[in-house]
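Notes for the structure review
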Amino acid sequence: MNGFSTPFRDERMKILTLIILAVICIILEILMHIYLGVSIGYTHFFYVLLVLAAIWYQKKAVILAVFLAITHIAVGYYIVGESIWAPALRGAMFVIVTLLVAILSEELEGSRKQLVLEKERLQESEGKLKVIFDSIQTGIVIVEPETHTIVDVNPAAIQLIGVPKDHIIGTGCHHFICPADTGKCPITDLGYEIDNAERFLLNGKGEQVPIIKTVTSISINGRKHLLESFMDISARKRAEARLKETNDRYIGYIKEAAMRLKTPVQVVGQNIALLGDGITLGDFSQEEIVSQLNLQVLNMEQIQQNIRDLNETIIDGFGEISPASKKFLME
Amino acid sequence: MIFSLKDTTENELFIVLASAANIRNKNIEVVKAAIENDYYIIVVTTNQLAGILKKNYDKQMLPEDKIYFVDAVTKYAAGTNVPPMKNCRFITNPGNLTDMGIAITESIKELEGKKTCLLLDSINSMLIYIPSHNITKFIHFVTNKLRIHNLSGIFLIVEKGIAPEVLSQLTTFVDNVIDEDPVPDKVMPVSGKV
C-alpha cells in the first residue's frame with residue numbers, strides 16, 4: 001500500500017492521519033448535527049476520511065464507514081429526532097462509496113503489484129541478456145539500418161575488432177564488420193540474406209579476419225535494427241589451409257610416384273619383353289643381351305632408389321611418423 | 001596410326017604420345033618419317049641402347065649417315081669401355097642433364113645448316129633418373145635451343161605416364177601434341193609407308 005509518495009509511506013503517519021480525520025468527523029457530528037441541528041453538508045468531509053481509509057486499507061475501511069453511518073443515523077434519530085431515512089441514505093452512501101473506492105484501490109494495488117513483478121522480471125531478463133551479451137564468445141554488433149551506424153557492441157566483438165568500444169559505437173558498420181561500400185549494404189540495399197555465411201571483418205589494423213556471420217532483423221524499443229553475430233574462424237581457416245597444403249603435397253608425391261615408378265616399371269617390363277623376343281629370334285649378340293639386361297637391372301635399382309627418395313621426402317614433409325616406420329620406409 | 005611429318009611445316013616441335021607397348025615402334029616410325037622428309041635426325045635415347053636402335057634402323061633400311069645419336073644408357077649399362085660408334089655421343093649417366101645438354105648442343109652444331117630433327121626417346125625413361133620438375137626445365141632448355149637453331153623436335157611420351165599438370169606444362173613448350181595411340185596397349189605394326 002505504497003500508492004502515495006511521502007509523507008504517507010509511513011504506516012504510523014497514515015494511522016495518525018485517519019485518527020485526526022475521524023476525530024474531526026466526530027467533532028463535526030457533535031457540533032453540526034447535535035448543537036446546530038444541521039444534518040447535511042458537513043458529512044461531505046466524512047468522504048475524505050473514508051476515501052483515504054479505502055485507498056490505504058481497502059475493504060477494511062468499510063468497518064469505519066459502517067461505524068460512521070451508524071453514528072450519523074443514531075445521532076439523527078435518537079438525539080436530534082430526525083426521520084431515519086435521510087441519515088440512513090447518507091450512511092448507506094458512506095458504505096457504498098467506501099466499498100467502491102476499496103474495490104478500485106484493490107484492483108489498482110493488484111495492477112501495481114503486477115507491474116512491479118513484470119518490471120522485476122524484465123529487469124532480471126535484461127540482466128540475464130546483458131550477462132549473456134557481455135560474456136558470450138560470439139561477437140555481436142547492433143546496427144541502426146537507416147544510417148548503418150553501430151549502436152552497440154559486445155566485448156567479444158570489441159576484442160575481435162581490436163578497437164575500444166567508444167571508437168566503434170557511432171561509426172559506420174562498413175568500417176569494421178562489412179567491407180561493402182556505403183550504399184551497397186548486402187542486407188538493406190541489395191536484399192541478400194546472410195545466414196552462417198563466411199565473410200571478412202576488418203580489424204583495427206585494417207587486416208581482414210575471416211568470420212562466419214549471421215545477420216537478423218530485430219526490434220529494439222520499437223525500432224528495427226540489424227543484429228550481426230559472428231565468430232572468428234581464423235584458426236579453422238588456418239587449419240583448412242594447412243590441410244589443403246598437406247593434401248596438395250600428398251597428391252604431388254602420389255603424382256611424382258606414379259610418374260617415376262608406375263610408368264617406368266611398365267617401360268622396363270616392355271623392354272624386357274622385347275629383349276626376350278629378340279633373344280628368341282636371335283637378333284642380339286651375347287654382349288648386347290648382357291648390356292640390355294644390365295640396363296634394365298640398373299633401371300629397376302634406380303626405381304627402388306626413387307621409392308626411397310620419395311619416402312624420405314614424405315618423411316621430411318610430415319613430422320608425425322614413428323622412428324620404426326621411418327626406418328621401414330628408408331631401408 | 002603411322003606417324004607422319006608430311007603435313008607439318010618445318011621447324012615445328014611435337015609431343016608424340018604412345019602406349020608403353022608401342023613406344024619402341026614409335027621411335028622407328030618417327031625416324032623413318034623424318035628421313036623420308038629429308039631430315040637429319042638426332043636420336044637422344046635414354047631408353048634403348050644406340051647399338052640396338054641402329055640395328056632396328058638398319059633393318060628398316062634407313063640411311064645411317066642421316067642418323068645421329070646422343071646415347072645416355074650404353075655407357076651406363078655396359079661400362080665406360082664401350083667402343084666408339086659412328087655419329088654417336090655417349091654420356092655416362094642418364095641422370096646427368098648437363099652432359100646430355102652439351103652432347104645435344106654439339107650434335108646440333110655438327111649438323112648446322114642441315115635440315116635437322118631431334119627425337120627424344122623418352123621422357124618417361126628420363127623420369128627414372130630425374131625428377132619431373134628438372135625434366136620440365138631440361139625440355140624447356142632443349143626446345144629453346146631447337147627454336148634458336150630453327151630445328152624440329154619430337155618428344156616421345158608414354159601416354160597416361162605423365163601427370164596432367166606436367167604434361168600441360170610440357171605442352172606449352174611445343175607446337176603440337178600428337179596422340180598416336182588413342183586405344184591403349186594396341187601394338188601398331190611398323191610400316192614403310194608414310
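Residues numbered from 1 in each chain as written. Chains lettered and ligands numbered in written order. Predicted model: local features only at pLDDT ≥ 70, side-chain atom pairs only at ≥ 80, totals over all residues. Heavy atoms only, no water.

Take the overall build of chain A next. A tally of regular secondary structure across chain A gives nine helices and five strands. In sequence order, the secondary structure elements of chain A are arranged as α-α-α-α-β-β-α-α-β-β-β-α-α-α. The buried share among the 331 residues of chain A stands at 34%. For chain A, restricting intrachain contacts to residue pairs at least 6 apart in sequence, the fraction spanning at least 24 positions comes to 49%. Surface summary for chain A: the accessible area is close to 20000 Å², and the carbon and sulfur share equals 63%. (Helix = DSSP H or I, 4+ residues; strand = E, 2+ residues; numbered from the N terminus. Buried < 20%, exposed > 50% of the residue type's maximum accessible area, 1.4 Å probe, protein only. Contact = heavy atoms within 4.5 Å. Areas by Shrake-Rupley, 256 points an atom, 1.4 Å probe, with all protein chains shown as cover.)

The pairing of strands in a sheet comes from backbone hydrogen bonds and takes either a parallel or an antiparallel form. Residue and element names in this part refer to chain A. Strand order in the open sheet formed by five strands is β2-β1-β5-β4-β3, with antiparallel pairing between adjacent strands. What marks the edges here is a single partner per strand, and that holds for β2 (149-153) and β3 (197-202). Strand-to-strand twist in this sheet, taken as the mean axis angle between neighbours without regard to direction, amounts to 40°. One ladder, built from four bridges, connects strand β1 (residues 139-144) with β2; its direction is antiparallel. In the sheet register, Glu144 faces β2, and the bridge partner there is Thr149. The strands touched by helix α7 (residues 234-281) within the sheet are β3, β4 (208-220) and β5 (223-232), with β4 carrying the most contacts at an inclination of about 140°. (Pairing = 2+ DSSP bridges. Axes fitted to C-alpha atoms, helices over the stretch in contact; angles between N-to-C directions.)

With respect to the element layout, Gly269 of chain A can be found in helix α7. Gly269 of chain A sits 27 residues away from Gln296 of chain A along the chain, and the two C-alpha atoms are 8.6 Å apart.

All names here are of chain A. Between its terminal C-alpha atoms helix α2 (residues 44-57) stretches 20 Å, which fits the 20 Å expected from 14 residues at 1.5 Å a residue. All buried positions along α2 are accounted for by Phe46, Leu49, Leu50, Leu52, Ala53, Ala54, Trp56 and Tyr57. Considering only its buried residues, α2 is in contact with α1 (11-35), α3 (61-80) and α4 (85-135). One or two positions beyond α2, positive phi appears at Gln58, with a value near 45°. (Expected span 1.5 Å × (residues − 1).)

Take the packing of aromatic side chains next. Per the counting criterion, the structure on display carries six aromatic pairs over all chains. Residues Tyr76 of chain B and Tyr129 of chain B carry aromatic rings whose centres are separated by 5.3 Å and whose planes lie at 90° to one another, so their mutual orientation is edge-to-face. On the criterion of sequence distance, the pair formed by Tyr76 of chain B in helix α3 (residues 74-78) and Tyr129 of chain B in the loop between α5 (123-126) and α6 (132-148) is long-range, its members being 53 residues apart. Residues Tyr76 of chain B and Tyr129 of chain B agree in their burial class; the two are buried. Grouping aromatic residues by their ring pairs yields a cluster made of Tyr42, Phe46, Tyr47 and Phe94 of chain A. Over the aromatic face of Tyr39 of chain B sits the side chain of Lys115 of chain B, whose NZ or CZ is 4.5 Å from the ring centroid. (Phe/Tyr/Trp six-rings, centres within 6.5 Å; stacked < 30°, edge-to-face > 60°. Lys NZ or Arg CZ within 6 Å of the ring centre and 35° of its normal.)

Taken residue by residue, the interface counts 27 residues in chain A and 26 residues in chain B. Summed over both partners, the interface of chain A with chain B buries about 2400 Å², with 57% contributed by carbon and sulfur atoms. Scanning the region where chain A abuts chain B turns up three salt bridges. One salt bridge connects Lys55 of chain B with Glu288 of chain A, and the closest N-O pair in it is separated by 2.7 Å. Mapped by element, the contributors of at least two residues to the side of chain A that touches chain B are α7 and α8 (286-317) of chain A. Considering every element that reaches the side of chain A that touches chain B, the biggest residue donor is α7 of chain A, with 13 residues. Its residues placed into classes, the side of chain A that touches chain B shows nine nonpolar, twelve polar and six charged. (Buried area = accessible area lost by both parts, 1.4 Å probe. Salt bridge = Lys/Arg side-chain N within 4 Å of Asp/Glu carboxyl O. Nonpolar A, V, L, I, M, F, W, Y, C, P; charged D, E, K, R; others polar.)

All names here are of chain A. Relative to β4, β3 runs antiparallel, the two sharing six bridges. Directly across from Arg199, in β4, lies its bridge partner Ile211. From the end of β3 to the start of β4, which pair antiparallel, there are five residues, and Gly206 there has a positive phi angle of about 80°.

Moving on: the pattern of salt bridges. Taken as a whole and assessed by the stated rule, the structure comprises 25 salt bridges over all chains. Across the salt bridge formed by Glu228 of chain A and Lys213 of chain A, the nearest N and O atoms sit 3.1 Å from each other. With Glu228 of chain A in strand β5 and Lys213 of chain A in strand β4, this residue pair connects regions lying 15 residues apart in the sequence. For Glu228 of chain A, a relative accessible area of 4% gives the class buried. Owing to a relative accessible area of 3%, Lys213 of chain A belongs among the buried residues under this scheme. Here Lys54 of chain B makes a salt bridge to Asp58 of chain B, at a shortest N to O gap of 3.5 Å. Of this pair, Lys54 of chain B and Asp58 of chain B both sit in helix α2 (residues 50-59), four residues apart, which is roughly one turn of that helix. Within the structure, one salt-bridge network assembled from shared partners comprises Glu198, Arg236, Lys237 and Glu240 of chain A.

In this section: the sheet that holds strand β4 (residues 88-90) of chain B. Residue and element names in this part refer to chain B. Read from one edge of the open sheet, seven strands run β4-β3-β2-β5-β6-β1-β7, paired in parallel fashion. Since the sheet does not close on itself, it has two edges, and those belong to β4 and β7 (176-179), each with one partner. Neighbour-to-neighbour, the strand axes of the sheet open up by a mean angle of 15°, direction not taken into account. Sheet topology places strand β1 (residues 13-18) next to β7; four bridges connect them, and they run parallel. Bridge pairing in β7 places Val16 opposite Ile178.

Once that is clear, we can look at the nonpolar core. Residues and elements named next belong to chain B. The biggest cluster of nonpolar side chains holds 53 residues, and the ones touching the most others in it are Met100, Ile104, Leu120, Ile123, Phe138, Ile139 and Phe155. Once residues lying within four places of it in the same chain are set aside, the contact partners of Leu120 are Val44, Met126, Phe138, Ile139, Ile154, Phe155 and Leu156. Grouped together as the second largest cluster of nonpolar side chains are 29 residues, Val16, Ile28, Leu53 and Phe69 included. (Core = buried A, V, L, I, M, F, W, Y, C linked by side-chain atoms within 4.5 Å.)

Residue and element names in this part refer to chain A. Contact geometry of α1 with α2 gives a least axis separation of 9 Å together with a crossing angle of 155°. With respect to each other, α1 and α2 are oriented roughly antiparallel. Relative to α2, α1 is oriented so that their crossing is left-handed. Contact residues: Glu11, Lys14, Ile15, Thr17, Leu18, Leu21, Ala22, Ile24, Cys25, Leu28 and Glu29 in α1; Phe45, Phe46, Val48, Leu49, Leu52, Ala53, Trp56 and Tyr57 in α2. Considered class by class, the residues forming the contact of α1 with α2 number 15 nonpolar, one polar and three charged. (Parallel < 35°, antiparallel > 145°, perpendicular 65-115°, else oblique. Left-handed = near helix turned anticlockwise from the far one by under 90°.)

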